[in-house]
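Examination of the molecular architecture
Okay, here's what each chain looks like letter by letter:
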Amino acid sequence: MAIEIIMPKLGVDMQEGEIIEWKKKEGDEVKEGEILLEIMSDKTNMELEAEDTGVLVKIVRGDGETVPVTEVIGYIGEAGEVVGDTPTAEVSPAVAIEEVPAGRAPVVVTPLVAKAQGAGKVRATPAARKLANELNIDLGLVPGTGPKGRVHKSDVEDFKGAAPKATPLAARIAADKGIDLSTVTGTGVNGKILKEDVLALIEPANVEEKVVEAVVAKEESVKELPEGVEIIKMSPMRKAISKGMVHSYLTAPTFTLNYDIDMTNLMALRKQVLEPIMNKTGLKVTFTDLIGLAVTRTLMKEEHRYLNASLINDATEIELHQFVNIGIAVGLDEGLVVPVVHGADKMTLSEFVVASKDVIKKAQTGKLKAAEMSGSTFSITNLGMFGTKSFNPIINQPNSAILGVAATVPTPVVVDGEVVVRPIMAMCLTIDHRIVDGMNGAKFMVDLKNLLENPLELLI
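Residues numbered from 1 in each chain as written. Predicted model: local features only at pLDDT ≥ 70, side-chain atom pairs only at ≥ 80, totals over all residues. Heavy atoms only, no water.

**Focus: the overall build of the chain**
Stated precisely, the cut-off is as follows: Counting from the N terminus, the helices are DSSP H or I runs at least four residues long and the strands are E runs at least two residues long. The classification of residues rests on relative accessible area computed with a 1.4 Å probe and restricted to protein chains. Under 20% of the type maximum is buried, over 50% is exposed, and intermediate values are partly exposed. Should any heavy atoms of two residues lie within 4.5 Å, those residues are counted as being in contact. Every accessible area reported is derived by Shrake-Rupley at a probe size of 1.4 Å, with residue values counting cover from the shown protein chains alone.
A count of helical and extended segments in the chain gives 10 helices and 20 strands. By residue count, 42% of the 460 residues in the chain fall in the buried class. Contacts spanning at least 24 positions in sequence make up 60% of the contacts within the chain whose residues lie at least 6 apart. Summed over all atoms, the accessible surface of the chain reaches about 24500 Å², with 54% contributed by carbon and sulfur.

**Section: the pairing of strand E6 (residues 54-59)**
The side chains of a regular strand alternate, residue by residue, between the two faces of the sheet. Cut-off, in case you're wondering: The pairing criterion for strands is at least two bridges between them, as found by DSSP.
Relative to E6, strand E3 (residues 29-30) is paired through two bridges, and the arrangement is antiparallel. Residue pairing in the sheet places Val30 in a bridge with Gly54 of E6. Bridging between E6 and strand E8 (residues 72-77) involves four bridges; their strand directions are antiparallel. Within E8, the position partnered with Val55 by the bridge is Gly77.

**Some points on helix H6 (residues 236-251)**
A turn of α-helix holds 3.6 residues, and therefore any two residues three or four places apart point the same way. Condition: To estimate the expected span of a helix, count its residues, drop one, and scale the result by 1.5 Å. The reported arc concerns the directions from the helix axis to the C-beta atoms and nothing else.
Between its first and last C-alpha atoms H6 spans 22 Å; for 16 residues at 1.5 Å apiece the expected length is 22 Å, and the two agree. Taken together, the buried positions of H6 are occupied by Pro236, Met237, Ala240, Ile241 and Ser248. Taken around the axis of H6, the buried residues stretch over an arc of 135 degrees, which confines them to a single face. Turned more than 90 degrees off the buried face of H6, the exposed positions are Tyr249 and Leu250. Each element contacted by the buried residues of H6 is listed here: strand E2 (16-22), strand E4 (35-41), strand E7 (66-68) and strand E16 (335-337).

**Description of the sheet that holds E3**
Judged by pairing direction, the sheet is antiparallel, and its four strands sit side by side in the order E1-E8-E6-E3 without closing on themselves. Each having just a single partner strand, strand E1 (3-6) and E3 make up the two edges of the open sheet.

**What about the nonpolar core?**
Stated formally: Here the nonpolar core consists of buried residues drawn from Ala, Val, Leu, Ile, Met, Phe, Trp, Tyr and Cys, with membership extended through side-chain atoms lying within 4.5 Å.
Grouped together as the largest cluster of nonpolar side chains are 55 residues, with contacts concentrated most on Val295, Phe378, Leu403 and Met427. Take this core: its biggest share by element is seven residues, from helix H9 (residues 349-364).

**Some details on the sheet that holds strand E19 (residues 401-415)**
In spatial order, the strands read E11-E20-E19-E18-E14-E17; together these six strands make up an open sheet with mixed pairing. Each edge of the open sheet carries a strand with a single partner, namely strand E11 (254-262) and strand E17 (340-341). The sheet contact formed by E19 and strand E20 (residues 418-432) spans 13 bridges and is antiparallel. Following the sheet pairing, Thr411 is matched in E20 by Arg422.

**Some thoughts on the packing of aromatic side chains**
Heads up, the rule is: To pair, rings of Phe, Tyr and Trp, with the six-membered ring standing in for Trp, must have centres within 6.5 Å; the planes then decide the type, stacked if under 30 degrees apart, edge-to-face if over 60, and tilted in the middle.
Scanning all chains against the criterion turns up one aromatic pair. Relative to Phe444, the ring of Phe378 has its centre 6.0 Å away and its plane inclined at 45 degrees; by these criteria the two rings are tilted. Linking Phe378 in strand E18 (residues 378-382) with Phe444 in helix H10 (residues 438-453), this pair joins segments that are 66 residues apart in sequence. Like Phe444, Phe378 is buried.

**So, the side chain of Ser310**
Formally: As used in this structure description, the phrase polar contact means that two N or O atoms lie within 3.5 Å; if the pair is within protein, one of them must be able to donate a hydrogen and the other to accept it, and residues adjacent in sequence are counted only when both atoms belong to side chains.
Along the polypeptide, Ser310 turns up in strand E12 (residues 309-312). One polar contact links the side chain of Ser310 to the main-chain carbonyl oxygen of Pro398, over a distance of 3.2 Å. Those residues in contact with Ser310, other than ones at most four positions away along the chain, are Glu317, Ile318, Glu319, His321, Pro398, Asn399 and Ile435.

**Notes on the side chain of Ser379**
Relative to the elements of secondary structure, Ser379 occurs in strand E18. Of the polar contacts made by the side chain of Ser379, one reaches the side chain of Asn396; its length is 3.2 Å. When near neighbours in sequence (up to four residues on either side) are disregarded, Ser379 contacts Gly327, Val338, Asn396, Asn399, Ala401, Ile402 and Leu403.

**Regarding the pattern of salt bridges**
In plain terms, the rule: We define a salt bridge as a contact between a side-chain nitrogen of Lys or Arg and a carboxyl oxygen of Asp or Glu at a distance within 4 Å.
Applying the stated criterion across every chain, the model contains 16 salt bridges. Across the pair Asp28 and Lys25 runs a salt bridge whose closest N-O atoms are separated by 3.8 Å. Judged by relative accessible area, which is 22%, Asp28 ranks as partly exposed. Residue class for Lys25 comes out exposed when judged on its relative accessible area of 58%. Between Arg434 and Asp432 there is a salt bridge, and its shortest N-O distance comes to 2.8 Å. Of the residues examined, Arg434 reaches a relative accessible area of 35% and is grouped as partly exposed. Asp432 gets classed as buried once you look at its relative accessible area, which sits at 2%. Put simply, Glu21, Lys23 and Glu38 are held in one network by salt bridges that share partners.

**Overview of the confidence of the model for the chain**
Applied cut-off: As a per-residue measure, pLDDT tells how confident the predictor is, with possible values from 0 to 100.
Looking at the chain, pLDDT values average 81 and 82% of them are 70 or higher. This stretch, residues 86-120, has a pLDDT under 50; its non-local contacts, to residues over four places away or in other chains, come to 84 contacts.

**Re the environment of Lys239**
The topology assignment puts Lys239 in helix H6. We classify Lys239 as partly exposed; its relative accessible area is 36%. Taking the C-alpha atoms as reference points, Lys239 and Gly335, separated by 96 residues in sequence, lie 9.7 Å from one another. Those residues in contact with Lys239 that lie beyond four places of it in its chain are Glu16 and Met234.

**Brief notes about unusual backbone geometry**
When glycine is set aside, most residues are seen to have a negative phi, and most peptide bonds are trans. With an omega of 15 degrees, the peptide bond running from Gln397 to Pro398 counts as cis. As for its placement among the helices and strands, Pro398 is situated in the loop between E18 and E19. Even without being a glycine, Asn313 presents a positive backbone phi close to 50 degrees. Note on placement: Asn313 falls in the loop between E12 and strand E13 (317-320).

In structure tokens, the structure reads:
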């Protein structure tokens, strides 16, 4: 029997994934552990491995499609085996319960209403999946004894005797509604409990309410749009950005400190080290590199440890870091990502240049791994190249602060009683007021400003 390939749930918040590219074609042989396809989860590209050995007998969802988690996207089986596009279910014209793969919750739907998104893939061995299919047992109901709750064949065999005489869908509905199957009279063959038997015990008002909601959703989906208006779906990346920014904005009470930095000496230093670092690394040092290293050195001072911290355990504890992982915001056509330079506190300027260019290049080519986008303790976002004079960056949680870098502009300033023109760069530090007070943020910015205006210490 063919084994389902499903869109995995790779994170607590993941609701859907985009198929970037299938690495195998229908009819190709695959081995367990071999790469089947590449998917995008939120902002991260991931490779999905085969869980069984066989033939890729069917691709249900193709390249470029966005698929809810736990939905079937293909099948692995034996050569010549024929499978359908999706699991089938009996439906009535008005109200139906969607037949879903193991691990997904049922939902009342009407035709044309989108499928519900499940709670995650059931971890099980191929042998366990095969036996469960043969016995018509829902793996989501089987307690797994393997690592991380993985279901083994023996678990299915042990469950077989205790399994209720009910269809998997009926069992799912009963579990969702808190109905004891022992109280349900089955009308199926040999008294087997069907979905209709469970639905009969649910208050009609609940079903009617869901039907009304579905009808309204259907009507809204077919509204005519005015001329010149186009509706497009958010990409998984855009949805992740939207959710993260709303959470940060509504969760953290923030304030922003604005400082002017005289870039005269930093520009001179960059000019001095440009060629030596190019000869050593083959890469060009940027002002973002110099600023990133200066931020790192400043954060490592004991008095600024709360700028390098995170709130944890429902904001009841503060996690202080004895290291610095710098997140660098990178703008792409499809959205914003924040690759991380891990262990920046142990790096020289040349090492920081190499590390930052590596993760930035991966971000620009869509090759970032999840680990390269997580674990930041402080973030930097640079809009200076677009002429931005000042802005209020939103914190990349769980960081306690983010530094915004604005444009460098020739500006008249007073030096030793005389008016001179100097290259002045604006910096904007947004702080989570739950962790850091204004005075502490200002002290950090004063130290950072002094280091950037006297940057030889970066080379020491």
